[in-house]
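Next come the chains, spelled out residue by residue.
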Amino acid sequence: MDNPNPSYSLIPILESIRRIPDLQPQERRVVLRELVGACNESDVQALQRILGITTRSGFDMVSVLPTEISRKIFLKLDSMDLVRCRAVCRPWRSMIRNDAQIWKTKILELNPAECSLLIDYKDKDKDQSNTLADGNSGTATTEQRAHYEAILDKISRQHCFLGWEATLIRELALAQNWKQGRLVHESIIQLTRDTKPALLAWPYLVLVDAWPHVFVVPLDQVQKSRLAQIPFTDPYCRTWSFHDQSPVSCLAWDFAGGENLSLALGGFLRTVRIFNPLDGSSFWLPDVHHGFPLQICFLQDYVLSVTLDGLVNYFKKGEDYRLVRSCSVDTKAIQVAAFQFGYKLKRDVNGSSVSWKEAICLAHEEGVIILDEHANTLARIRIKDGARLIHFQAIADYDNSTLNKTEVSGGRGGRHSRNELLILFEEPVTRQRRVLTVKMEPGFQGEISREELPQNVVMAALGRGGDARDSVTMFRDRIAIVSHRNCSSDLGHYCVLRVVDIRRDCVFSTEYHQPEEEDEEEEGEEEDEVKEDEEEIQGEEDGGGKRLVTTMVMAM
Amino acid sequence: MPVTLTSLDDVKFTVDKEVAERSILIKNMIEDVGESDSPIPLPNVSSAVLKKVIEYCEHHRNDPVQVQDETDDPRKRSNDIEEWDMKFMTVDQEMLFEIILAANYLDIKPLLDVGCKTVANIIKGKTPEEIRKVFNIVNDFTPEEEAQIKKENEWAEDR
């Protein structure tokens, strides 16, 4: 020990050091600590140079820790942090994504009253005796949480279940998108008097002006880019001009078309053009030598046009779209809707059996006429004397499970089937707008009963018909009314969109106004309905000299 | 009654039984061994870490023992750490890592919990890039994976 030669004390140390590889990691750490502890300032600097790096204090401990511990750490993060952690590196990503327990726990932490997954499930669950905790899940009792967990397990067994991670992300994205204002897409498109903004069919927005030009814009481009003027100069918008067509009197979209997108354009010179907006191909329907087409609609196998003088023409789809039959309804049709029942119906007509599977509802000012695809009249519904029909909605739902899928004779309907006409009309003297519900036989053969809906909120919101240039559209149990007012010069043009829910007797409203000078639009939004399915709400503007602003709001 | 604990590098620590029994592992060992003066060996914990662990147990010697797992009770789910613990946990990442491992091995749930909370608090509110920076993690995603991940997390952006 008392050797004056320094190398004698070095060698044992070096020998010990050479045995370091034999040590366990923990033991090695101890050695390193000793070593670093024994280092002075210059030693540390030398060490840094030898290592070739500057000292950094971090290392990926999360990947190195045992799974239960890293799970504990991840569970202490809130959901948004967890989502971001997936993007750090591959080990973290697979640790988090492969651990269903983490995601499930996070879902359990959500407030059940705000979790759309549970709300959807609750709506479908007929057993209303199960109550979920309101307010914070933090105050839910153990019992409620267990119940909540049982529901989640049930949900996870459904065939449409995407997995816990995707499910949580859907909930978070919903909340986040709503907060960031991305959920309600607003497209403000300046339209001139002659433009028909009539079609909003996912994924395209189709606009037709009077010249006619047809503009087809993919909807997700409308949201991102700022389309302001027609003609659209945006590269995503495709435009067609038809120089041989008269101005457009009506148009319709073929929803039954599937792969083949078809748009029918009716012209004032009696012509109907069928047009494919994707490839631009088009052809004419045969001329019927009657008044110009006022309404067009598509059936599964037919295209229907209804002329101004009340002739209903059936053109069979196929090679040449021949006119196969016509019938006269002797009235001016203000609205036409066609739909399929999804099953075949049968009835007796003069001793022989007739079957049908589609219906066409044709509304005029005094009621609705219902035809089948063979031009037989199924029913005629009249509203009360003096009243004026504004709009209607036909609903033909059926419960597939309880019906014989191929044939049902007249009187039998499915257990949850709903066959109704909802008619929006104006009272004779007061011009108060009201809704009439007419329950129909399956297949819309005849009327069972009718009822004028008494809801107060709805009545007030519907208001009176009159000098306001209102546009109305109906979508199942909801009515959207766009009211335009030209206000004083400082308020400029004012527009209110009201969505009236008949079943729930409530109203959502949004106001827009554009002041006279060229300013930004201001909006006051009161809508708080977030979890709606796709819904089209559409306002048609009526012209009036000045440039009116039509807004289309789509809540997803 | 004092208990002697021996660390991996053969350093002996004498503590009160009450303090030592904050570790369920040690508690069980004492029960198994019975009345004995022989030191309890802890071959998985180095002296530097054991020193810190003992410091924690001494400070928290009078805390009520937790019966159920904290994660069952959502009210305890906050990531608040009391001030003393916060100061206690102000260590380099290496030490933090070792404290967590030691708390796990010794079965000291509150200490493990505080350790995990500390790590969670480091991660909280950071973008993936910031997380990588603080933990010196290499971004090992391919450019295609990066693009996909970016798209995947688009909704999470605050814009």
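Residues numbered from 1 in each chain as written. Chains lettered and ligands numbered in written order. Predicted model: local features only at pLDDT ≥ 70, side-chain atom pairs only at ≥ 80, totals over all residues. Heavy atoms only, no water.

Rule in force here: UniProt positions are given in the numbering used here, feature names are shortened, and annotations may be inferred rather than shown by experiment.
Per an unreviewed UniProt entry, chain B goes by the name E3 ubiquitin ligase complex SCF subunit and belongs to Podila minutissima. Regarding chain B, the UniProt comment filed under Sequence similarities (unreviewed entry) reads as follows: "Belongs to the SKP1 family."

The name an unreviewed UniProt entry assigns to chain A is F-box domain-containing protein, from the organism Podila minutissima.

**Here's the deal with the environment of Glu365 of chain A**
All names here are of chain A. Applied cut-off: Labels follow the DSSP assignment, with helices taken as runs of H or I lasting at least four residues and strands as runs of E lasting at least two, numbered in each case from the N terminus. With a 1.4 Å probe rolled over the protein chains alone, any residue whose accessible area is under 20% of its type maximum counts as buried; one over 50% counts as exposed, and the rest are partly exposed. Throughout, a contact is declared for two residues whenever any of their heavy atoms are within 4.5 Å.
Structurally, Glu365 is set in the loop between strand E15 (352-364) and strand E16 (367-372). A relative accessible area of 40% means that Glu365 is categorised as partly exposed. Sequence-distant contacts of Glu365, defined by excluding residues within four places in its chain, comprise Ile334, Ile383, Ala387, Arg388 and Leu389.

**Description of the interface of chain B and chain A**
To keep it simple, the criterion reads: Two parts placed together each lose some accessible area under a 1.4 Å probe, and the buried area is that loss summed for both. In protein, a polar contact requires one atom able to donate a hydrogen and another able to accept it; more generally it is a pair of N or O atoms within 3.5 Å, and residues adjacent in sequence count only if both atoms are side-chain atoms. Under the scheme applied, nonpolar residues are Ala, Val, Leu, Ile, Met, Phe, Trp, Tyr, Cys and Pro; charged residues are Asp, Glu, Lys and Arg; polar residues are all the others, including Gly.
Taken residue by residue, the interface counts 54 residues in chain B and 46 residues in chain A. When chain B packs against chain A, the two sides together hide about 4,500 Å² of surface, and 60% of this comes from carbon and sulfur. The interface formed by chain B and chain A holds 12 residue pairs in polar contact (both at pLDDT 80 or more) in total. Sorting the residues of the side of chain B that touches chain A by element identifies helix H5 (93-106), helix H6 (109-123), helix H7 (128-135) and helix H8 (143-152) of chain B as the ones contributing at least two each. The residue makeup of the side of chain B that touches chain A, split by class, is 23 nonpolar, 12 polar and 19 charged.

**Examining helix H10 (residues 142-156) of chain A**
For the α-helix, the turn length of 3.6 residues means that residues three or four positions removed from each other point alike. All names here are of chain A. Condition: Expected helix span is given by 1.5 Å per residue-to-residue step, counting one fewer step than there are residues. Arc, as used here, means the arc of the directions from the helix axis to the C-beta atoms.
When the terminal C-alpha atoms of H10 are compared, their 21 Å separation across 15 residues agrees well with the 21 Å that a helix rising 1.5 Å per residue should span. Among all positions of H10, only Arg145, Tyr148, Ile151, Leu152 and Ile155 are buried. Projection of H10 onto a plane perpendicular to its axis shows the buried side chains occupying an angular sector of 115°, all on one side. The outward face of H10, more than 90 degrees from its buried face, is lined by the exposed residues Thr142 and Glu143.

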